[in-house]
Amino acid sequence: YIVEEVMEGFDRNKLETLLKQRFFYDQSFAIYGGVQGLYDFGPMGCAVKANLLQEWRNFFVLEEQMLEMDCSMLTPEPVLKASGHVERFADYKVKDLKTGECFRADHVVKQFLEKLEADPKTPQDRRDEARRILNSLDNLDGAGLQEVIVKFGIKSPQSGNEISEPQQFNLMFQVSIGPAGNIKGYLRPETAQGIFVNFKRLLEFNQGRLPFAAAQIGNSFRNEISPRAGLLRVREFTMAEIEHFLDPADKSHPKFASVAGLSLPLYSAKDQMAGLDATEKPLGEAVSAGVIANQTLAYFMARIFLFMVRCGVDRQRLRFRQHLSNEMAHYACDCWDAECLTSYGWIECVGCADRSAYDLTQHSKACGAQLVAEKMLAEPQVVVANEAVINKGVVGRTFKADAVHVTQYLSSLEEADLNSLATELESLGSASREIGGSERKLTPDMVSVRRTERTVHRLEFVPSVIEPSFGIGRIMYVIFEHSFRAREGDEARTYLSLPPVIAPYKCSVLQLSNNPKLREMATAMSQALTQAGLSHRIDDSSVSIGKRYARTDQIAIPYGVTIDFDSINKTPATATLRERDSMRQVRVEVEKIPGIVQQLVQERLTWAQVMEAYPVFEQQETIKDTDGN
């Protein structure tokens, strides 16, 4: 898709005005001038977010019988050292040498080269060189980025001033834990590590059985160099992550057959390198052809697609892009991003990765815990291997309270690590290892390595992980863009066509005038909707009914009940029920309305069926008051 073609007629300023006026969200601390990358959700945004997360729980946690967790946001440094975040979770930044403003170096280079490539005045050889660099941009380190900046004379995108050489900048917020400040930590950059370090407890809770999935919803923090584009790049954000643990020797999925025929728009690494577009392909075919690595990864891609479309993402502006080899994590087997087309271009909203056994292996090595699962063997096997013989008395006297960490570490060592330890102990008389975040000196009287032969009936293994990771703020913004509408013939009358499942209110209650009897019936309707579990909003202001409809449309309320004089003057009492997108109305008995709205919201009834079952109410909507305003 070409962004300009797809977004033709879309006015981002109008959308942002609506979202701000109706307080879906706004910049945090705005009365103090605001802070870039921080946003507060108002009543409408808070309700949409809560409904989106509840639907996520229903769609994934409930339907897939996942184990939900809620882990600490404060993370000690050793945990993030083991995961690789301390060393590698960084971007390169450049600074405007006059204003001091900072930018992400790769974003500055990308923006410049894309503009250069698109300029018809640029010579073809220069365009080809720009494209070649763009294709390998993720491979460039600081020196490589600096070489491009110098070669093309790239300046600050804001002022045109000279910029500094790229410098590495870790994106995590560092904190000191405790009054003495001697426990170094970080605000978590993702929720996943809390699940990994609790794997053993989760496995026990699941009675030792694989596969199983754990899920977590919570805030994460990344100190973005130059946050831009509203909710799309922020410093504090809500994530919903799933860690599906499975046997690395069997990555099939029992429910894959139910989605094998579903066609998804796949943008494979091969097609990207060939300059082709995304193509629709059935998942069964994609797995068989090796385009997607395994059934479980493909199953979750299908579930992500169905969830996104259900919540309001336009399926024509949704694709799955496979990571290229130069952007794939070194430990990942395969990784696909669910990307959505917006006025900002294609935006990654959900990542779905096969992380292999990397995370559990790293944490096992760092702290010594046995983060493994077991499975019965079809036949007993004779295993010859090295094992650590630990003198717990000496270890206990030497390391005291930390002895348990040392013992766990030695017990978890793999064959290659044991061989290395034995060589050092024999040749050097000691070996130093980092255990539990501290350097420990091991000696031959503490541990020795011996060769053993044993018959085993169960096999221990480190599980692999399939990880779908959802950026909730990004998904919300995409849904807002994809559902933004203007009334035909009245471009100023804009509204949000959110699906009922995530709409902030399910219904509005309006009374035609301030007549006490109308007010009494509106109150009774409100109580009936509450008893039916339906969130709703009462608008009893004196402006015209058309203006009130327009206001409720702007905050995406899908259905509206209007109490008029026929409601109190005729038997049985009736009211009109209005549908937001079509603006069509029907007249329904008052006592039936809560049940009908409930069935509509739960998708057990369609508006077309309601239109067939009840008399249509014809009334031209106007937004003028009785005094003509």
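The structure displayed is predicted, hence computed values, not measured ones. (Residues numbered from 1 in each chain as written. Predicted model: local features only at pLDDT ≥ 70, side-chain atom pairs only at ≥ 80, totals over all residues. Heavy atoms only, no water.)

All right, on to the sheet that holds strand S16 (residues 345–354) then. Sheet strands pair via backbone hydrogen bonds, and the direction of the pair is either parallel or antiparallel. Reading across from one edge, S3-S10-S11-S21-S16-S15-S14-S12-S13 is the order of the 9 strands in this open sheet, with mixed pairing throughout. What marks the edges here is a single partner per strand, and that holds for strand S3 (67–69) and strand S13 (279–282). Within the sheet, the average angular offset between the axes of one strand and its neighbour, ignoring direction, is 30 degrees. Relative to strand S21 (residues 464–471), strand S11 (residues 236–246) runs antiparallel, the two being bridged by 6 bridges. (Pairing = 2+ DSSP bridges. Helix = DSSP H or I, 4+ residues; strand = E, 2+ residues; numbered from the N terminus. Axes fitted to C-alpha atoms, helices over the stretch in contact; angles between N-to-C directions.)

For strand S14 (residues 318–322), a buried count of 5 out of 5 residues is recorded, marking the element as mostly surrounded by other parts of the structure. A two-sided burial pattern is seen for S14, the buried positions comprising Leu 318, Phe 320 and Gln 322 on one face and Arg 319 and Arg 321 on the other. Relative to S14, strand S12 (residues 263–267) runs parallel, the two being bridged by 2 bridges. By the bridge assignment for S14, Leu 266 is matched with Phe 320. (Buried < 20%, exposed > 50% of the residue type's maximum accessible area, 1.4 Å probe, protein only.)

This next bit is on unusual backbone geometry. Cis geometry marks the peptide bond from Leu 210 to Pro 211, where omega comes out at 0 degrees. Its location among the elements puts Pro 211 in the loop between helix H10 (199–205) and strand S10 (212–221). With a phi angle near 50 degrees, Lys 400 is a residue other than glycine that sits in the positive phi range. Checked against the element boundaries, Lys 400 lands in the loop between helix H15 (392–399) and helix H16 (403–411). Overall, Lys 400 belongs to the exposed group, its relative accessible area being 62%. The backbone phi angle of Met 583 is positive, close to 65 degrees, even though this residue is not glycine. In this fold, Met 583 is placed in the loop between strand S27 (574–579) and strand S28 (585–589).

Quick look at the side chain of Gln 272 now. Tracing the sequence through the fold places Gln 272 in helix H11 (residues 269–273). In this structure the side chain of Gln 272 is engaged in a polar contact, spanning 3.0 Å, whose partner is the backbone oxygen of Tyr 267. When sequence neighbours within four positions are dropped, the list of residues in contact with Gln 272 reads Tyr 267, Arg 321, Gln 322 and Leu 324. (Polar contact = N/O pair within 3.5 Å; in protein donor to acceptor, adjacent residues only side chain to side chain. Contact = heavy atoms within 4.5 Å.)

The next point concerns a nonpolar patch on the surface. Where nonpolar side chains cluster on the molecular surface, the patch consists of Phe 29, Ile 31, Tyr 32 and Val 35 and spans about 540 Å² of accessible area. With respect to the helices, strands and loops of the structure, Ile 31 is situated in the loop between strand S1 (25–27) and strand S2 (39–41). What makes Ile 31 exposed here is its relative accessible area of 81%. (Patch = residues over 30% accessible without salt bridge, like charges linked within 9 Å, V, L, I, M, F, W, Y side chains within 5 Å. Areas by Shrake-Rupley, 256 points an atom, 1.4 Å probe, with all protein chains shown as cover. Salt bridge = Lys/Arg side-chain N within 4 Å of Asp/Glu carboxyl O.)

Overall, the coordinates contain 39 salt bridges when judged by the stated rule. Here Asp 553 ties to Arg 487 by a salt bridge, and the two come within 2.8 Å at their closest N and O atoms. Pair noted here: Asp 553 is in helix H20 (residues 545–554) and Arg 487 is in strand S22 (residues 484–487), with a separation of 66 residues, a long-range link. Taking relative accessible area as the criterion, Asp 553 reaches 1% and is therefore assigned buried. Asp 566 is the salt-bridge partner of Lys 570, the closest N and O atoms lying 3.8 Å from each other. The class of Asp 566 is partly exposed, set by a relative accessible area of 27%. One connected set of salt bridges, linked through shared partners, spans Glu 63, Glu 64, Lys 255 and Arg 303.

For the coordinates displayed, the defined rule picks out 1 cavity of 30 Å³ or more. The volume enclosed by the largest cavity comes to roughly 40 Å³. Among the elements of the structure, H20 and strand S26 (559–563) are those that each provide at least two residues to the lining of the largest cavity. Of the residues in the lining of the largest cavity, the class split is 4 nonpolar, 3 polar and 3 charged. (1 Å grid on protein atoms, 1.4 Å probe; cavity = no way out; pocket = protein on both sides within 12 Å on 5 of 7 lines; lining within 4 Å. Points joined across faces, edges and corners; volume = space filled by probe spheres on them. Nonpolar A, V, L, I, M, F, W, Y, C, P; charged D, E, K, R; others polar.)

This part takes up the domain arrangement of the protein chain. Accessible area lost upon the coming together of the parts serves often as the stated size of an interface. Taken domain by domain, the protein chain holds domain 1 (1–79 + 174–358), domain 2 (90–170), domain 3 (379–457) and domain 4 (505–613). When each unit is reduced to the centre of its C-alpha atoms, the spacing between domain 1 and domain 2 is 28 Å. With 8 residues of domain 1 at the interface, the matching set in domain 2 holds 14 residues. Roughly 880 Å² of surface becomes buried between domain 1 and domain 2 when both sides are summed, with 49% attributable to carbon and sulfur atoms. (Domains from an automatic or database assignment. Buried area = accessible area lost by both parts, 1.4 Å probe.)

A word on the nonpolar core. Core analysis: the biggest nonpolar cluster contains 69 residues, and Phe 24, Trp 56, Ile 292, Met 308, Phe 470, Phe 480 and Leu 496 have the highest contact counts within it. Inspection of this core shows a minimum of three residues originating in each of domain 1 (1–79 + 174–358) and domain 4 (505–613). Aside from chain neighbours lying at most four places away, what touches Leu 496 is Leu 15, Leu 18, Leu 19, Phe 24, Phe 480, Ser 483, Phe 484, Asp 553, Gln 554, Ala 556 and Arg 580. Listed in part, the 24 residues of the second largest apolar core include Ala 522, Met 525, Val 597 and Val 601. (Core = buried A, V, L, I, M, F, W, Y, C linked by side-chain atoms within 4.5 Å.)

A few words on the packing of helix H6 (residues 105–118) against helix H8 (residues 142–152). Two numbers describe how H6 lies on H8: the axes approach to 10 Å, and their chain directions differ by 40 degrees. Classified by the interaxial angle, the pair formed by H6 and H8 is oblique. For the element pair H6 and H8, the recorded crossing hand is left-handed. Across the interface between the two elements, Ala 105, Asp 106, Val 109, Phe 112, Leu 113 and Leu 116 from H6 touch Leu 145, Val 148, Ile 149 and Phe 152 from H8. Split into classes, the residues belonging to the contact of H6 with H8 amount to 9 nonpolar, no polar and 1 charged. (Parallel < 35°, antiparallel > 145°, perpendicular 65-115°, else oblique. Left-handed = near helix turned anticlockwise from the far one by under 90°.)

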